Amino acid sequence: MIKKFIRKILGVKDAHNSSEPEILGPEQHGIDPKMVSSNAVRVTSTLQEAGFEAFVVGGAVRDLLLGVKPKDFDIATNATPEQVKKLFRRAFIIGRRFQIVHVMFGQDLLEVTTFRGSAIDNAPKDEHGRVLRDNTFGSQAEDAERRDFTINAMYYNPATQQVLDYHGGIRDIRAKLLRIIGQPETRYREDPVRMLRVVRFAAKLRFEIEPTTNAPIAVMAPLINNVPAARVFDEMLKLLMSGSALACLLQLRKAGLHHGLLPLLDVVLEQPLGFKFVTLALEATDKRIASGKTVSPGFLFASLLWHQVLEKWNAYQASGEFPIPALHIAADEVLESQTEKLALQRKIGSDMRDIWAMQPRFERRNGKNPYKLLEHVRFRAGYDFLLLRCASGEIEQELGDWWSAFYEADETVRAEMVTAISSGGAASKRKRAPRRGTRHEEGAEAVEAADDDGFEGDELHAEGEHEGDTAAAPKRRRRGPRRKRGEGGAPDTAPTTPTID
């Protein structure tokens, strides 16, 4: 009785339950075999025909039990990585902490892992207890013990259509409960990313976190700082593209896990304007994912970090810096501070810079400026970003409405719209009284005049940094007291389908 009480307090399953699985047939689990990937069946059958055990495992089984078609299928087997690699033509062993095999069928990638052993006491760890390398193989029961949550520790055999459940995962699925396997403090210390995963699963599946599983998170949250930045970035990307991004971020704040990930996000979410902007961006992302559309990571992170850029941009302008250079500096500072924590890939950072750089260009609607901007390779992303700014109340809705009309109009109507804007601008300039000033002021006016005559597009990045463009940017040339940059590569025609990619 006492042992049972202690195990209940610690959240540990009985030894009997963890060593002998509950076997569920098709009538009991209700999985539709048609939802199982044909390539997953091919991998498991190939391994089984070679004399090995092989099962679909983890999140794929969880989703199948929930009646959701899995996006990815992971395979668990008692074959070693080398034995798996020999059975498939396109197979690659990867991983340091634990070796796995990627098996490719065209563009379809399946991850094959060898059953992990339970003996990790001698595995290399850092000073905080995080496991650094672990290539100990074991039995299926030991592998189940090593998995993070009960709902991810079930094994499905496509050949027999049986589910093997070692830790009551199917009961927790039916109860909509998220429970960690083993003692929570130990499991979080072994791999602090599990704290991010529990938040993501709870928000995505709309499950409750079991109290014993949830209790240590607030205290152990700082351990996230010891995880390599690349792993944290991968987990954050999964979180933002889970289809429940807003719920995940709010859950992160509630659990105290947002510190060190997006350090200033908490401040932004406490400001009405910033909270509305981020909310609109994440809601739009969730809708796109729900409808099966793609989402650009660059757009996501550009949205999350925009108000940090905006705050610095306004501050530099208030101190006397010109708008475009001020935007350069603000973007650089924000990206540098975030790259240290999230290991943002250069391609994503380049996309973010392009989206931010286009925003002041939307205000220049005279001459050839609108046509050049319409041809930008990432116009649609910048345009969608502009609409978010309008919807959140940051800028006037009139600007977004004008660009929506211009984007949808034919060439004749576009010419009329630009003429109307240009005429209004010319009239206002004729009424302006001539000014005398210092050489610096005259230089600034010359820049404004050059911009009004033909703004060619200041890029937010230094020359040579932008690796994502389809064509290299032309060399910069002198125009007035500062240098101008030409367009950095554009398609022949403007995009015709809405996308934030």
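These figures come from a predicted structure and were not determined experimentally.

## Some words on unusual backbone geometry
If a residue is not glycine, its phi is most likely negative; likewise, a peptide bond is most likely trans.
Link 1 in the chain: Positive phi, close to 55 degrees, is recorded for Gln 161, a residue that is not glycine.
Link 2 in the chain: In this structure, Gln 161 sits in the loop between β7 (154–157) and β8 (162–165).
Link 3 in the chain: Not every positive phi belongs to a glycine, and Arg 206 is a case in point at roughly 60 degrees.
Link 4 in the chain: As for its placement among the helices and strands, Arg 206 is situated in the loop between α10 (193–205) and β10 (208–209).
Link 5 in the chain: On the basis of relative accessibility, which here comes to 64%, the residue Arg 206 falls in the exposed class.

## Details of the side chain of Asn 39
Link 1 in the chain: For Asn 39, the position within the fold is in helix α4 (residues 38–49).
Link 2 in the chain: A polar contact is formed between the side chain of Asn 39 and the side chain of Asp 108, at a distance of 2.8 Å.
Link 3 in the chain: The residues contacting Asn 39, other than those within four sequence positions of it, are Phe 105, Asp 108 and Leu 110.

## Overview of the packing of aromatic side chains
Link 1 in the chain: Under the criterion given, the structure shown has 20 aromatic pairs.
Link 2 in the chain: Ring centres of Phe 233 and Phe 301 lie 5.7 Å apart, and the angle between their planes is 25 degrees; this geometry places the pair in the stacked category. Of this pair, Phe 233 sits in helix α13 (residues 229–240) while Phe 301 sits in helix α17 (residues 297–318), placing them 68 residues apart in sequence.
Link 3 in the chain: Classification of Phe 233 by relative accessible area gives buried; the value is 2%.
Link 4 in the chain: Taken together, the ring pairs connect Phe 362, Tyr 371, Phe 379, Tyr 383, Trp 402, Trp 403, Phe 406 and Tyr 407 into an aromatic cluster.
Link 5 in the chain: Directly above the aromatic system of Phe 201 lies the positively charged group of Arg 200, at a separation of 4.9 Å from the ring centroid.
Link 6 in the chain: Directly above the ring of Trp 402 sits Arg 365, whose terminal nitrogen or CZ lies 5.2 Å from the centroid.

Calculation rules
Residues numbered from 1 in each chain as written. Predicted model: local features only at pLDDT ≥ 70, side-chain atom pairs only at ≥ 80, totals over all residues. Heavy atoms only, no water. Helix = DSSP H or I, 4+ residues; strand = E, 2+ residues; numbered from the N terminus. Buried < 20%, exposed > 50% of the residue type's maximum accessible area, 1.4 Å probe, protein only. Polar contact = N/O pair within 3.5 Å; in protein donor to acceptor, adjacent residues only side chain to side chain. Contact = heavy atoms within 4.5 Å. Phe/Tyr/Trp six-rings, centres within 6.5 Å; stacked < 30°, edge-to-face > 60°. Lys NZ or Arg CZ within 6 Å of the ring centre and 35° of its normal.

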